[in-house]
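One letter stands for each residue in the lines below.
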Amino acid sequence: MTQRKRIAVIAGDGIGKEVIPQALKVVEAAGAAVEFTEFDWGADRYLADKTTAPPDGFSNLARDYDAILVGALGDPRVPSNIHAKEILLGMRFKMDLYANVRPVRLMDAALCPLKDVEPKDVDFVVIRENTEGVYGDVGGVFKQGTADEVAIQEDINTRKGVERIIRYAFEYCAHHKKLDGSPRQRVLMCDKSNAMTHAGGLWQRVFKEVAAEYPKIETQHMYVDALCMQMVRDPRPFDVIVTNNMFGDIVTDLAAGLQGGLGMAASGNLHPGKTSMFEPVHGSAPPIAGKNIANPFGAILTAAMMLAHLGMAAESAKIEAGVLEAVRQKKITADIGGTMGTWEAGDWLAERIARR
Ligand code: NAD
Ligand code: IPM
Ligand code: MN
């Protein structure tokens, strides 16, 4: 018998608690050989006993699980966001999950706000550096609460960190195909090296050096502002985009808009060979939480991405095909033009997949 893969599940806060049960149901319906262990990390636990992640939490995850599936973290009852920062950024940083892979794919023309854009026109991936940049929490405040207050937030760019994420992007390009089966061809590095010259200079130099190792892959560069404009004008030329932590965060919410919104966007936080973490791009969406209206497909497509990563390509493909069918048949939530609730959309999909 195949060994079941062990999945740690952190539904988290807000709509995370609604979309993750749909993802678990669909993974089971696809017949994936997995077992789930649920963790209560999130705002409720933090408010009850002040625990964000237990002291040995990350080492236990790395030791005992094959992958981690997360819903979302963030709750208005914790205005400092301390629990989300320690849990989510804790996993990314302390488990060294340096590559945040965010595929951008349009399932149906009806979901895209751009006119005359078809699914084949939106098929790219953003590879976001996930362990440094301005997220490194280096800095401080001086003279807080006075008229002379100073706040410093340093942008950390290490040679090692920049090189490994750029190399990851080239490797991704070399080994992944587009949805139509054609090879991926181009890596675009996105920065702001015209204004942020020190960090940008390092990214520029490393990009040229690593690119030289991949002579068959085309290279391109864009400043992040121009890239945002181009992405909404015409997403067709994009293929593999590599960028820093903050630009990757912003650009992937913009790119989610091309897919039908945040409810459709999946992501993985990876370090080859280590226990990796998968989460939808969206957050906990407090205003719509608990109303059974959140779109579960981002979380479900994230679970499919996790299964593919764990070697369950057939189960992953079954889920993606099911979501495509649901979109075409309008078995969808209101954010993408349907009338179904979160649970109803999840149930329909699980039933459909189980019958395949
Ligand atoms: P958000 O992604 O939660 O919501 C942005 C907008 O998208 C809202 O209008 C929301 O209703 C909508 N939306 C998001 N997901 C949806 C879904 N599945 N179905 C339908 N609509 C959806 O971002 P925000 O409002 O900026 O942040 C809310 C909280 O989530 C904050 O605490 C933030 O820090 C946190 N957050 C967490 C993560 C994460 O855990 N990975 C990611 C982003 C934001
Ligand atoms: C994301 C989120 C996080 C980020 C927040 C919640 C810290 O926006 O995963 O995209 O900025 O990385
Ligand atoms: Mn984000």
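Residues numbered from 1 in each chain as written. Chains lettered and ligands numbered in written order. Predicted model: local features only at pLDDT ≥ 70, side-chain atom pairs only at ≥ 80, totals over all residues. Heavy atoms only, no water.

(A) Local environment of the domain arrangement of the protein chain. Taken as a whole, the protein chain is organised into domain 1 (1-97 + 279-356) and domain 2 (98-270). Just the C-alpha atoms count here: the centres of domain 1 and domain 2 sit 23 Å apart. With 24 residues of domain 1 in contact, the opposing surface of domain 2 contributes 30 residues. Roughly 2,300 Å² is buried in total at the junction of domain 1 and domain 2, and carbon and sulfur atoms are behind 60% of that figure. Taken together, the connections running from domain 1 to domain 2 amount to 3 salt bridges. On the surface where domain 1 and domain 2 come into contact, there are 12 residue pairs in polar contact (both at pLDDT 80 or more). Elements with a contribution of two residues or more to the side of domain 1 that touches domain 2: α4 (82-94), α9 (297-309) and α10 (313-328). (Domains from an automatic or database assignment. Contact = heavy atoms within 4.5 Å. Buried area = accessible area lost by both parts, 1.4 Å probe. Salt bridge = Lys/Arg side-chain N within 4 Å of Asp/Glu carboxyl O. Polar contact = N/O pair within 3.5 Å; in protein donor to acceptor, adjacent residues only side chain to side chain. Helix = DSSP H or I, 4+ residues; strand = E, 2+ residues; numbered from the N terminus.)

(B) Local environment of the pairing of strand β9 (residues 218-223). In the sheet, strand β8 (residues 186-191) pairs with β9 via 6 bridges, with the strands oriented parallel. For D191, the partnering residue across the bridge sits in β9 and is Y223. (Pairing = 2+ DSSP bridges.)

(C) View of the site of ligand 1. If you check the shell around ligand 1, you find 19 residues, and the closest are L73, E279, G283, A285 and N295. L73 has a polar backbone atom sitting 2.9 Å from an oxygen atom of ligand 1. Between ligand 1 and E279 there is a distance of 2.9 Å, counted from a nitrogen atom to a side-chain nitrogen or oxygen. For ligand 1, whose free accessible area comes to 810 Å², the fraction covered by protein is 65%. A per-class count over the shell around ligand 1 returns 10 nonpolar, 7 polar and 2 charged. (Near = heavy atom within 4 Å. Areas by Shrake-Rupley, 256 points an atom, 1.4 Å probe, with all protein chains shown as cover. Nonpolar A, V, L, I, M, F, W, Y, C, P; charged D, E, K, R; others polar.)

(D) Layout of the state of the cysteines. Counted under the stated rule, the structure contains 0 disulfides. Free of any disulfide, C190 has its nearest cysteine sulfur in C228, 7.1 Å distant. A relative accessible area of 1% means that C190 is categorised as buried. Judged by relative accessible area, which is 23%, C228 ranks as partly exposed. (Disulfide = S-S within 2.5 Å. Buried < 20%, exposed > 50% of the residue type's maximum accessible area, 1.4 Å probe, protein only.)

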